[in-house]
Amino acid sequence: MRSFFLPRFLLVLLFCGALTSPASWWWPFGGKKSVLDDYQTPEIQHGKYIPTDGDLSKKIYKKKDPDEGLSVKKVQELAERGNSNAQLTLGKIYFDGRAGAKQDFKEAFHWFSEAAKNGNAEAMYNVAICYDGGFGVRKADAKKALSWYQNAADHGVPEAQLKTAVFAEMQGKPEMAFKYYKMLADDGEPACQLQVALQYLNGYGVTADSVTAVEYLLKSAEQGNTRAQIRLADCYQQGVGTPRNFREVFHWLTLAAHDGDPEAQAKLGVCYLQGIGTEENADLAFHWFKISAEAKYSVGQYLLGNCYRDGTGTEQNDHLAFEQYILSADTGEPLAQYELASAFQDGRGTRQDLKLAREWLEKAAQGDLPIAKIRLAMMLSEDSGAGKADPVRARKLFDEAEKAQDSTAMLQVALCYLNGKVVPADRKKAQKMLEAAAVSGDIHAAEIYKIYFGKEF
């Protein structure tokens, strides 16, 4: 039976990828960062201090009680005289049940409120916490919590600035969120520098400004924020907010990859595979794809599958390729779903099963992958072992793929027009689609253009 899938030489890149220009090679976006446990230095534990010089046989010293010598009566006297620091301290005593006092959230809220009225910024933050968590008040009140967080934030409390930003974002107030994220970013907080950069990039709560976004990404990246390093690499790769610079792409991805980020590891593998900012090295590409895949990053699993499929940096093994595609496809990765469909269609690494091939193509098409839509359209255009034909839906999918402006899909659309598959044969439309694919850098489109139209593109 004739395969519905691309010949292997046409599957070098499947997504947004030109084959001749390093400026437009496929770039694996998305995915979740792996969570690495932070190294914890020895510290005070269970009220005892453990020496850090390695000799645990030494005498263990009792930790000093911070409440030792604290008189609730004296603190209360000062609080009742209007001393805001005493009012704050008394609120903490009742909130935590310290210094022999019984825990009492209502009393804590009362004294926090008094201190806040007297301009104590930390007390304002604690009032916000009470409204946020429903401590000492009738019920939690997000609106009042945000108001008090904002008061504390405007008085310079960093924790309040962060809380205000997060609350504002949750309540659909991106402009307010940006204001307070930027306060922290300008004070040197790397996570907030990243957030501000992303808001500048996406025009979320602020006028889009890719140049300023890159400035904030660079600040965050230089402090070791791996997510900022990856986004900065993306900007250098795409020429967003800065000129394209593939050495910088490679540099920042190397740092993030060695720090354990699986998205960076997958992208670094692509750099080695395509020679982006470094020399081509199939062995190192395979190495980084494998590490990324082992961290259960779906794009890394897909790319590792491609290595096994094509024998890139390792021995060719269709069975191992199929295993990686399954892992990636189950997370919803459209490219892996497409490859699974191809494997079931051809019986590559698994049994041949046209119905399963169609099921996985359906999923990949639902993931808005243009090449999957055109291949599913071809499958639906006629009765086959995969199920009944559906020419109406086939044409709809074909039209969606044609509009996608994806070079790999455009090439297949052109072949459909040349061969009268799904749509009536139309050499002019085929020529137009081949030209569009070739302009985007697809060398196979240029080769087919020469074969069918007798001239170089």
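This one's a predicted model, so the numbers in the text were calculated from it and none came from an experiment.

(A) Representation of the overall build of the protein chain. Broken down by element type, the protein chain carries 22 helices and two strands. Looking at the protein chain residue by residue over its 457 residues, the buried ones come to 46%. Pairs at least 24 residues apart make up 50% of the contacts formed inside the protein chain by residues separated by at least 6 positions. Carbon together with sulfur atoms contributes 50% to the accessible area of the protein chain, which is approximately 23000 Å² in total.

(B) Inspection of the packing of helix α18 (residues 370-380) against helix α20 (residues 407-419) at higher detail. Two elements in contact, α18 and α20, have axes whose closest approach is 8 Å; the angle formed by their N-to-C orientations is 25°. As far as their axial angle goes, α20 and α18 are roughly parallel. α20 is crossed by α18, and the crossing has left-handed handedness. Touching Pro370, Ile371, Ile374, Arg375 and Met378 of α18 are Thr408, Ala409, Gln412, Val413 and Cys416, all from α20. The class makeup of the residues in the contact of α18 with α20 is seven nonpolar, two polar and one charged.

(C) Spotlight on the pattern of salt bridges. Scanning the model with the defined rule gives 20 salt bridges in all. Between Lys92 and Glu122 there is a salt bridge, with its nearest N and O atoms 2.6 Å apart. Of this pair, Lys92 sits in helix α2 (residues 84-96) while Glu122 sits in helix α4 (residues 121-133), and the two are 30 residues apart along the sequence. Residue Lys92 is classed as partly exposed on the basis of its relative accessible area, which comes to 27%. The partly exposed category is assigned to Glu122, whose relative accessible area is 36%.

(D) Inspection of the packing of helix α5 (residues 142-154) against helix α6 (residues 158-170) at higher detail. Interaxial distance between α5 and α6 falls to 8 Å at its minimum, and their mutual angle equals 140°. Relative to α6, α5 is oriented oblique. Both α5 and α6 take part in a crossing whose hand is left-handed. In this structure, α5 uses Ala142, Ala145, Leu146, Tyr149, Gln150, Ala152 and Ala153 to contact α6, whose residues at the interface are Ala160, Gln161, Lys163, Thr164, Phe167 and Ala168. In terms of residue class, the contact of α5 with α6 is made up of nine nonpolar, three polar and one charged.

(E) Representation of a nonpolar patch on the surface within the structure. A contiguous nonpolar surface patch, about 290 Å² in accessible area, is contributed by Leu162, Val166 and Met170. Take Leu162: its relative accessible area is 39%, and that puts it in the partly exposed class.

(F) Layout of the confidence of the model for the protein chain. In the predicted model, the protein chain carries a mean pLDDT of 85, and the fraction of residues at 70 or more is 84%. Scored below 50 in pLDDT, residues 1-64 shows 141 contacts in the model against residues more than four places distant or in partner chains.

(G) Region of interest: the nonpolar core. Counting residues in each nonpolar core, the largest one holds 133 residues, and the members touching the most others are Phe398 and Leu434. If sequence neighbours within four positions are ignored, Phe398 has contacts with Ile374, Ala377, Val413, Cys416, Tyr417, Val422 and Val423.

(H) Spotlight on the side chain of Asp442. Within the secondary structure layout, Asp442 lies in the loop between α21 (427-439) and α22 (443-453). Buried charge without a partner: Asp442 forms no salt bridge, and the closest opposite charge is Arg375, 11 Å away. There is a polar contact of 3.0 Å between the side chain of Asp442 and the backbone nitrogen of His444.

(I) Focus on the environment of Gly203. Counting through the fold element by element, Gly203 comes out in the loop between α8 (190-202) and α9 (210-222). Between the alpha carbons of Gly203 and Pro174 there is a distance of 9.9 Å; along the sequence they are 29 residues apart.

(J) Broad picture of the side chain of Lys267. One can find Lys267 in helix α12 (residues 262-274). For Lys267, a relative accessible area of 0% gives the class buried. Here the side chain of Lys267 touches Glu263 through a polar contact of 3.0 Å, side chain to side chain.

(K) View of α21. Taking 1.5 Å per residue, 13 residues should reach 18 Å; α21 reaches 18 Å between its end C-alpha atoms and fits that length. Of the residues making up α21, those classed as buried are Ala430, Met433, Leu434, Ala437 and Ala438. Buried positions in α21, seen along its axis, are confined to an arc of 135° and lie on one side of it. Residues of α21 that are exposed and angled more than 90 degrees away from the buried face: Lys428, Lys432 and Val439. Its buried side turned inward, α21 meets α19 (391-403), α20 and α22. At the N-terminal end of α21, a side-chain oxygen is found 3.2 Å from the backbone nitrogen of Lys428, two or three residues along, and the residue is Asp426. One or two residues past the end of α21 sits Gly441, with phi positive at roughly 105°.

(L) Main features of helix α10 (residues 226-238). Its 13 residues give α10 an end-to-end C-alpha distance of 18 Å, which sits within 8% of 18 Å, the value for a rise of 1.5 Å per residue. When you tally the buried positions in α10, you get twelve out of 13 residues, the bulk of the element. Listed in full, the buried residues belonging to α10 are Thr226, Arg227, Ala228, Gln229, Ile230, Arg231, Leu232, Ala233, Asp234, Cys235, Tyr236 and Gln237. Looking at the buried positions of α10, the neighbouring elements they touch are α8, α9, α11 (246-258) and α12. The N-capping residue of α10, defined by a side-chain oxygen 3.0 Å from the backbone nitrogen of Arg227, is Asn225. Of the residues one or two after α10, Gly239 is the one with positive phi, at around 75°.

(M) Summary view of the environment of Arg427. Of note, Arg427 is situated in helix α21. In this structure, the C-alpha to C-alpha distance between Arg427 and Tyr417, residues ten residues apart in sequence, is 6.5 Å. Residues contacting Arg427, with those up to four places away along its chain left out, are Leu418, Tyr452 and Phe453.

(N) Quick peek at the packing of aromatic side chains. In total, this model carries 15 aromatic pairs according to the counting rule given. When the ring of Phe250 is compared with that of Tyr272, the centres are 5.4 Å apart and the planes differ by 90°; the resulting orientation is edge-to-face. Of the two residues, Phe250 sits in helix α11 while Tyr272 sits in helix α12, which places them 22 residues apart along the sequence. Summarising the aromatic geometry, the rings of Phe398 and Tyr417 are spaced 5.4 Å apart at their centres and angled 85° between planes, so their arrangement reads as edge-to-face. A residue pair is termed long-range when its members are at least 10 positions apart, and Phe398 in helix α19 and Tyr417 in helix α20 qualify at 19 residues. The class for Phe398 is buried, based on a relative accessible area of 0%. Judged by relative accessible area, Tyr417 falls into the buried class, the value being 3%. Members of the aromatic cluster, joined through ring pairs, are Phe95, Phe105, Phe112 and Phe135. For Lys219, the ring lying beneath its charged end belongs to Tyr216, and the centroid distance is 4.8 Å. The positively charged end of Lys363 is found above the aromatic ring belonging to Trp360, 4.1 Å away from the centroid.

Conventions used here
All residue numbers refer to positions counted from 1 along the written sequence of the respective chain. Since the coordinates come from a predicted model, pLDDT governs what is reported: local features require at least 70, and pairs of side-chain atoms require 80 or more to be given and counted, while whole-chain, interface and lining totals use all residues. Excluding hydrogens and water, the side-chain figures rest on all heavy atoms present in the structure. Strands are runs of DSSP state E lasting at least 2 residues, helices are runs of H or I lasting at least 4, and numbering of each runs from the N terminus. Only protein chains enter the accessibility calculation, which uses a 1.4 Å probe; a residue is then buried when its area is under 20% of its type maximum, exposed when over 50%, and partly exposed in between. The contact definition used throughout considers only heavy atoms, calling two residues in contact when any of these lie within 4.5 Å. With residues, only the protein chains shown are counted as cover, and all accessible areas are computed by Shrake-Rupley using a 1.4 Å probe. Axis definition: a line fitted to C-alpha atoms, over the contacting stretch in the case of helices. Angles run 0 to 180 degrees between N-to-C directions. Should an angle fall under 35 degrees it is called roughly parallel, over 145 degrees roughly antiparallel, and 65 to 115 degrees roughly perpendicular, with every other angle called oblique. Handedness of a crossing follows from how the near helix is turned relative to the far one, being left-handed for an anticlockwise turn of less than a right angle and right-handed for a clockwise one. Gly falls in the polar group here, along with every residue not listed as nonpolar (Ala, Val, Leu, Ile, Met, Phe, Trp, Tyr, Cys, Pro) or charged (Asp, Glu, Lys, Arg). Salt bridge, as used here, is a side-chain nitrogen of Lys or Arg placed within 4 Å of a carboxyl oxygen of Asp or Glu. Note on patches: the residues involved have over 30% relative accessible area and no salt bridge, like charges join within 9 Å, and the nonpolar side chains Val, Leu, Ile, Met, Phe, Trp and Tyr join within 5 Å. Across the chain, each position has a pLDDT score giving the predictor's confidence in that residue, from 0 to 100. The set of buried Ala, Val, Leu, Ile, Met, Phe, Trp, Tyr and Cys residues whose side-chain atoms join them within 4.5 Å is what this entry labels a nonpolar core. Charge assignment: positive for Lys and Arg, negative for Asp and Glu; neither His nor the chain ends contribute. Pairs of N or O atoms within 3.5 Å make up the polar contacts considered here, provided that, within protein, one atom can donate a hydrogen while the other can accept it, and that residues adjacent in sequence are counted only when both atoms are side-chain atoms. The length a helix should cover is 1.5 Å for every residue beyond the first. Working note: the arc is built from the helix axis to C-beta atom directions. Stacked, edge-to-face and tilted are the three classes for Phe, Tyr and Trp ring pairs, Trp counted by its six-membered ring, which pair at centre distances within 6.5 Å; planes under 30 degrees apart are stacked, over 60 edge-to-face, the rest tilted. A ring is considered to have a charge above it if a Lys NZ or an Arg CZ atom is located within 6 Å of its centre and within 35 degrees of its normal.

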